[in-house]
Amino acid sequence: MDELNGKLIACQILITGLIARVANEQRDPLRFLTDFRDEIKAVVNGVNIAGMENSDRVRAVAQKTVDELFSLMKPPSSD
C-alpha cells in the first residue's frame with residue numbers, strides 16, 4: 001500500500017508540474033489555473049462512479065485531492 005501511495009503522490013507532483021508549465025506559457029496564468037481547476041472539478045462532479053455503495057464519499061475524496069493539487073501551485077512572483 002505504501003508503494004501505491006508513493007506512486008500516486010509522484011503522479012500528482014508530475015501533473016502539478018505539467019499544469020504549472022502550461023500555465024506559465026499563458027498570457028494570464030492565474031485565470032488559466034482557475035478555469036482549469038473549475039473544469040477538473042466539473043469532471044469530478046459529473047463522472048459516473050459505478051460499483052460503489054457510497055459514491056459520494058469517493059467523489060468528496062476526489063474533490064479534496066483536486067483542491068490539494070491546486071493548493072500546491074503558487075501565483076507568479078512580482079519580480
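Please refer to the structure higher up on the page.
To start, this report covers the structure provided alongside it. None of these values were measured; they are calculated from a predicted model.

Moving on, we get to the overall build of the protein chain. Helix and strand content of the protein chain: three helices and zero strands. Sequence-ordered secondary structure for the protein chain, helices as α and strands as β, is α-α-α. Counting all 79 residues of the protein chain, 16% fall into the buried class. Long-range pairs, those at least 24 residues apart, make up 50% of the contacts in the protein chain between residues at least 6 apart in sequence. Accessible area for the protein chain stands at about 6500 Å²; split by element, carbon and sulfur atoms hold 56% of it.

This part is about helix α3 (residues 55-71). When the terminal C-alpha atoms of α3 are compared, their 24 Å separation across 17 residues agrees well with the 24 Å that a helix rising 1.5 Å per residue should span. Buried residues of α3: Ser 55, Arg 59, Gln 63, Val 66, Leu 69 and Phe 70, and no others. Angularly, the buried residues of α3 cover 120° about the axis, an arc narrow enough to put them on a single face. Structural note: α3 exposes Arg 57 and Lys 64 on the side pointing more than 90 degrees away from its buried face.

Procedures and definitions
Residues numbered from 1 in each chain as written. Predicted model: local features only at pLDDT ≥ 70, side-chain atom pairs only at ≥ 80, totals over all residues. Heavy atoms only, no water. Helix = DSSP H or I, 4+ residues; strand = E, 2+ residues; numbered from the N terminus. Buried < 20%, exposed > 50% of the residue type's maximum accessible area, 1.4 Å probe, protein only. Contact = heavy atoms within 4.5 Å. Areas by Shrake-Rupley, 256 points an atom, 1.4 Å probe, with all protein chains shown as cover. Expected span 1.5 Å × (residues − 1). Arc of directions from axis to C-beta.

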